[in-house]
Amino acid sequence: MHAQPPTAPIVLIGLMGAGKSTVGPLVARRTGRPFVDADAALEARTGRRIADIFATDGEAAFRTIESDVLEQLLGRPDHPVIGAGGGAVLAERNRAVLRRAGAAVVWLDAGPAVLAERVGQDADRPLLAAGAVEALTRLEAERAPAYAAAATHRVEAGRGVPEQVAEAVLRALRHGAQPVLDGEPSQRIVVALGDRSYPVVVGAGALAELPSLLPAGTRKVAVVTQAAIGVEVDLPVEHRTFALGDGEEAKTLASVEQLCREWARWGVSRADAVVAVGGGVVTDVAGFAAAVYHRGIPVVHVPTTLLGQIDAAVGGKTGVNLPEGKNLVGSFWQPAAVLCDTDVLIGLPVRDYRAGLGELAKYHFLGGGALDACSLPERVFRSVAIKAEVVSGDEREGGRRAILNYGHTLAHALEIAGTFDLRHGEAVAIGLPFAAHLAHGLGRIDAARVDEHYRVLAAYGLPDRLPAGVDAEDLLALMARDKKALRGLTFVLEAGSPERGYDVEVVDGVDPERVRAALATMVAYEKERLGGASRAPWSCCPARTSTCSASGSRPSTARPPWRTTP
């Protein structure tokens, strides 16, 4: 290990497919630096493809050129983030160059099976000629000692989407044994509700601010969580943890009763507080229990899922399920504060993370703009800011708050149908282009705006088509029973133009024929995009994903896309 100056170059190393050229641009943007792919720089310098250099000159000649290029990049005055070639640190010469440059060297470590799935049988990877898994297993055994010797930081890169891995790299650079980056300041939003106003704190590492968010004079804290959450909180007062059961099954009146009885036995009073650490199940149950215990005690929400941070924990909705339906018993109970630490999202399973992105995607059309061009903390902050503004003007969902259900009418119908393997955010993702097609059919938006809905979903790797086997009449009947449907079929729809801008509003009394036409158009739109190709089986976790870039553009397809499975 070697010490790095504050302006140290950041170098990503690891086997092919570990994500250096995918994660690197995300790290670069978050640190305000340029990104350089060392392999691309080498090809630009020589005017030759790496595979051709290997085939014509041999590996030894290639390594010599690679060393020269690496030293040149490390000497650049703009201190770039460098995605190094898979074998760049095998030579002691290169490791010495990294030490002299004081580089922060991050080893993106992923197993051979994951890497093989990502790179496949790429013809541009000459070292994979013998077969991907076998070659990568051999390369891992050969190169791991060199990676360990060169690395100043090591990050697990075998799980998660690229954005999660990039955030893990940043966390390692901020909090490792040899920190390279300063901590990031948190951002604060106030949900303005008079004397019940409260702050929402958003940022990487924001969990450290939890003690300052407790109500003044708090004697002790009941921490409510679930065993699988695994997020520890540090509190300056006496506290005790109360664990709910796993999954949605814990969202019951029995759980509320259990919590209230355990709090009573411990002696929780109105001078105390609840801290809810978890996803929507935890914040819903703990929030409702806090609302009814002693007729209301303070609760601070610490949402640990993307969906929880941008939606469930903000706004004061609490509730539990009955056998007859979801969220049928509950109350509005505003928290004392909400703390959204984006670092806790790093370890979320891919499908859970993408489900949160489905809910986040709607904020693009509620005033969030090109959120796909933002960093993760900024995405959460801007989404929360929108929800806070809406909640401040309509606390109990009597009017404008209904716009937060954009894309939800079809989503709820798909969820209620119960025959599709869908998370809530995945269903919302499918509901967004449907709402766009319906709005276009009603003359409210143009075709380019419909295309923008598909672009946003593609940027997040979200599903954008109806599941195979859906029945339009069944969906129509379910949408007619939506809670917004007070005067016939009711939807939240966009209206506007590029010149005037866009807004969303609740539209009731929609002609059923228009809805049928929108569903049919959605299917036809998909066929047109596929160029008449046969329809692949629908999947809630499509193989494609994208790199978030400053321009919001789609990733290059020069190499196989980063593939992840739930």
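Computed from a prediction, not measured in an experiment: that's the story for all the values here.

Novice: Teacher, can you tell me more about the confidence of the model for the protein chain here?
Specialist: Caution is warranted with low-pLDDT regions, since their predicted coordinates should not be read in detail. Per-residue pLDDT for the protein chain averages 87, and the proportion of residues at 70 or more is 90%. Per-element confidence in the protein chain ranges from a low mean pLDDT of 81 for helix α6 (residues 112-119) to a high of 98 for strand β11 (residues 299-303). Across residues 532-566 the pLDDT falls below 50, and counting only partners more than four positions away or on other chains, this stretch makes 96 contacts in the model.

Novice: Mind showing me how you'd approach the sheet that holds strand β14 (residues 337-341) here?
Specialist: Sheet strands pair via backbone hydrogen bonds, and the direction of the pair is either parallel or antiparallel. Strand order in the open sheet formed by 7 strands is β6-β7-β14-β11-β10-β8-β9, with mixed pairing between adjacent strands. Each of the sheet's edge strands pairs with one partner strand only, and the pair in question is β6 (187-191) and β9 (238-244). With strand direction ignored, the average angle separating the axes of adjacent strands in the sheet is 20°. In this fold helix α11 (residues 280-292) packs onto β8 (220-226), β9, β10 (273-278) and β11, with an angle of close to 165° to the strand it touches most, β10. Here helix α14 (residues 376-393) sits on the sheet in contact with β6, β7 (198-203) and β14, set at roughly 15° to β6.

Novice: Got a minute to help me understand the packing of aromatic side chains in this structure?
Specialist: Between two aromatic rings, the relevant description is the distance of the centres plus the angle of the planes. On inspection of all chains with the given rule, the structure shows 7 aromatic pairs. Here Tyr454 and Tyr525 contribute two aromatic rings whose centre-to-centre distance is 4.2 Å and whose plane-to-plane angle is 15°, an arrangement assigned as stacked. Here the residue Tyr454 occupies a position in helix α17 (residues 447-460), and Tyr525 occupies one in helix α19 (residues 512-529), the gap between them amounting to 71 residues. Residue Tyr525 is classed as buried on the basis of its relative accessible area of 17%. When the ring centre of Trp107 is taken as origin, the NZ or CZ atom of Arg154, which lies over that ring, is 4.1 Å away.

Novice: Help me out: how do you make sense of the pairing of β14 in this one?
Specialist: Successive side chains on a regular strand alternate, one facing one side of the sheet and the next facing the other. For β14, the tally of buried residues reaches 5 of 5 residues, placing the bulk of the element in the interior. Here β14 shows no split at all, with Ala337, Leu339 and Asp341 on one side and Val338 and Cys340 on the other all buried. The sheet contact formed by β7 and β14 spans 4 bridges and is parallel. Within β14, the position partnered with Val200 by the bridge is Val338. In terms of strand pairing, β11 meets β14 through 2 bridges, oriented parallel. Counterpart to Val300 in the pairing with β14 is Ala337.

Novice: So what exactly am I meant to see when it comes to the pairing of strand β12 (residues 317-322) here?
Specialist: Note that β12 and strand β13 (residues 325-332) share 5 bridges and pair antiparallel. Looking across to β13, one finds that Lys317 is bridged to Phe332. The turn joining β12 and β13, which pair antiparallel and follow one another in sequence, is formed by 2 residues.

Each value, and the rule that gives it
Residues numbered from 1 in each chain as written. Predicted model: local features only at pLDDT ≥ 70, side-chain atom pairs only at ≥ 80, totals over all residues. Heavy atoms only, no water. pLDDT = per-residue confidence, 0-100. Helix = DSSP H or I, 4+ residues; strand = E, 2+ residues; numbered from the N terminus. Contact = heavy atoms within 4.5 Å. Pairing = 2+ DSSP bridges. Axes fitted to C-alpha atoms, helices over the stretch in contact; angles between N-to-C directions. Phe/Tyr/Trp six-rings, centres within 6.5 Å; stacked < 30°, edge-to-face > 60°. Buried < 20%, exposed > 50% of the residue type's maximum accessible area, 1.4 Å probe, protein only. Lys NZ or Arg CZ within 6 Å of the ring centre and 35° of its normal.

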